[in-house]
Amino acid sequence: YTFDKKDVSVFPKNEILIKKIKQLTQWGICLRHGKELTLICTQDHEKLCTDCFATDEAHSDHEIQKLSVFKEETEKLFLKVQDDINQVEVSVEKAIIEKKKRMQESVKKKFDFLIRSLEEQKKLMLDSIENFMSLLSQKYKDIKIEAEEMKEYLNLQQKLLVELEQNNFEFS
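Residues numbered from 1 in each chain as written. Predicted model: local features only at pLDDT ≥ 70, side-chain atom pairs only at ≥ 80, totals over all residues. Heavy atoms only, no water.

Quick look at the overall build of the chain
Stage number 1. The number of helices and strands found in the chain is three helices and three strands.
Stage number 2. Its helices and strands taken in sequence order, the chain reads α-β-β-α-β-α from the N to the C terminus.
Stage number 3. Counting over 172 residues, the chain shows a buried share of 9%. (Helix = DSSP H or I, 4+ residues; strand = E, 2+ residues; numbered from the N terminus. Buried < 20%, exposed > 50% of the residue type's maximum accessible area, 1.4 Å probe, protein only.)

Here is the structure:
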């Protein structure tokens, strides 16, 4: 049986060893040199001890920083990004509130204009009705006066006719 040197899946897992390795790397101890991991490769984000840095060619052309400086800069960057996010959220909230106010004001202005226009139309129509009714009332009064005058004229004519008939009977 042959196996590829890179394929380690053929070996059984040692759970105790895996747990110990995880603990050591969490505590920041180099597995190769047993020293504290005080450096970090900013390109790979791999923690290194001073011996790894001195002997490992894999990171020779990468930027290496002290882990404490990297953590401090990362925390500052995180806080700045968090602050920027908060500022954007506040700005967006303000923009939304302002947009809402402008839209509401626009709707109010349009409706106020429409209401004023309708009120003006209502007044014009009511005034027209009032004027028409006033003219109609005046015409009614004029017709009533003419009717009264006609009644008087007819009564007078009837009286004259009655007198003429009476006079006619007297002359005959």
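We are not done yet, so read on.
Details of the sheet that holds strand β3 (residues 64-66)
Stage number 1. Read from one edge to the other, the open sheet built from three strands follows the order β2-β1-β3, with strand pairing classed as antiparallel. Each of the sheet's edge strands pairs with one partner strand only, and the pair in question is β2 (47-48) and β3. (Pairing = 2+ DSSP bridges.)

Here's the deal with the nonpolar core
Stage number 1. Formed by Cys30, Leu37, Leu39, Leu48, Cys49 and Cys52, the largest nonpolar core amounts to six residues.
Stage number 2. In contact with Leu48, not counting residues within four places along its chain, are Leu37, Thr38, Leu39, His59 and Ile64. (Core = buried A, V, L, I, M, F, W, Y, C linked by side-chain atoms within 4.5 Å. Contact = heavy atoms within 4.5 Å.)

Here we look at the pattern of salt bridges
Stage number 1. Inspection of the entire model under this criterion finds six salt bridges.
Stage number 2. Linking Arg32 and Asp56 is a salt bridge whose minimum nitrogen-to-oxygen distance equals 3.6 Å. Note that Arg32 is positioned in the loop between α1 (15-27) and β1 (39-41) and Asp56 in the loop between α2 (50-55) and β3, a separation of 24 residues in sequence.
Stage number 3. Take Arg32: its relative accessible area is 55%, and that puts it in the exposed class.
Stage number 4. By relative accessible area, Asp56 is classed as buried at 19%.
Stage number 5. As a salt-bridge pair, Lys76 and Glu72 come within 3.4 Å of each other at their nearest N and O atoms. With Lys76 and Glu72 both in helix α3 (residues 67-171), this residue pair falls four residues apart, about one helical turn. (Salt bridge = Lys/Arg side-chain N within 4 Å of Asp/Glu carboxyl O.)

Considering a negative patch on the surface
Stage number 1. On the surface, a cluster of negative charge is made up of Asp142, Glu146, Glu149 and Glu152.
Stage number 2. Structurally, Asp142 is set in helix α3. (Patch = residues over 30% accessible without salt bridge, like charges linked within 9 Å, V, L, I, M, F, W, Y side chains within 5 Å. Areas by Shrake-Rupley, 256 points an atom, 1.4 Å probe, with all protein chains shown as cover. Lys, Arg positive; Asp, Glu negative; His and termini not counted. Charge placed at Lys NZ, Arg CZ, Asp CG, Glu CD.)

Brief notes about the side chain of His62
Stage number 1. Considering the arrangement of structural elements, one finds His62 in the loop between α2 and β3.
Stage number 2. Of the polar contacts made by the side chain of His62, one reaches the side chain of Gln43; its length is 3.3 Å.
Stage number 3. Ignoring sequence-local partners within four residues, the contact set of His62 consists of Cys41, Gln43 and Asp44. (Polar contact = N/O pair within 3.5 Å; in protein donor to acceptor, adjacent residues only side chain to side chain.)

Section: the side chain of Gln65
Stage number 1. Residue placement: Gln65 occurs in strand β3.
Stage number 2. The exposure class assigned to Gln65 is buried, which follows from its relative accessible area of 15%.
Stage number 3. Those residues in contact with Gln65 that lie beyond four places of it in its chain are Thr38, Leu39, Ile40, Thr42, Phe70 and Glu73.

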